Amino acid sequence: MKSQETQNKITENNVPLLENPPNDMNAQEPDKSEPMTQVQKDNVITNQDLPNPLARYGFTVVILATFLFVVAIYYGIINP
């Protein structure tokens, strides 16, 4: 029988725990992050850069209605 010291740490669902997780799995601490450059700041998209939500939804509805109209004509639901 093995002693407690030589056994691996086991979670409740019997998955072994990692003693030393890889560096890429560790979250980067905010104080160690690199400062944002001016180019990165200029490339950030904000709500002010997007078109009006009414225009976005309206455009989507018009495209969807046009597609459904063409499909309805194709299947003979609407006879022009």
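Residues numbered from 1 in each chain as written. Predicted model: local features only at pLDDT ≥ 70, side-chain atom pairs only at ≥ 80, totals over all residues. Heavy atoms only, no water.

What follows deals with the overall build of the protein chain. What the protein chain contains, in helices and strands, is two helices and zero strands. Relative to its 80 residues, the protein chain shows a buried fraction of 1%. Of the roughly 8,400 Å² of accessible surface on the protein chain, a fraction of 59% belongs to carbon and sulfur atoms. (Helix = DSSP H or I, 4+ residues; strand = E, 2+ residues; numbered from the N terminus. Buried < 20%, exposed > 50% of the residue type's maximum accessible area, 1.4 Å probe, protein only. Areas by Shrake-Rupley, 256 points an atom, 1.4 Å probe, with all protein chains shown as cover.)

This next bit is on the packing of aromatic side chains. Under the defined criterion, the tally for this structure stands at one aromatic pair. With a centroid separation of 5.0 Å and an interplanar angle of 85°, the aromatic rings of Y74 and Y75 are classed as edge-to-face. When its relative accessible area of 62% is taken as the criterion, Y75 is described as exposed. Taking NZ or CZ as reference, R56 lies 5.9 Å from the ring centre of Y57, over its face. (Phe/Tyr/Trp six-rings, centres within 6.5 Å; stacked < 30°, edge-to-face > 60°. Lys NZ or Arg CZ within 6 Å of the ring centre and 35° of its normal.)

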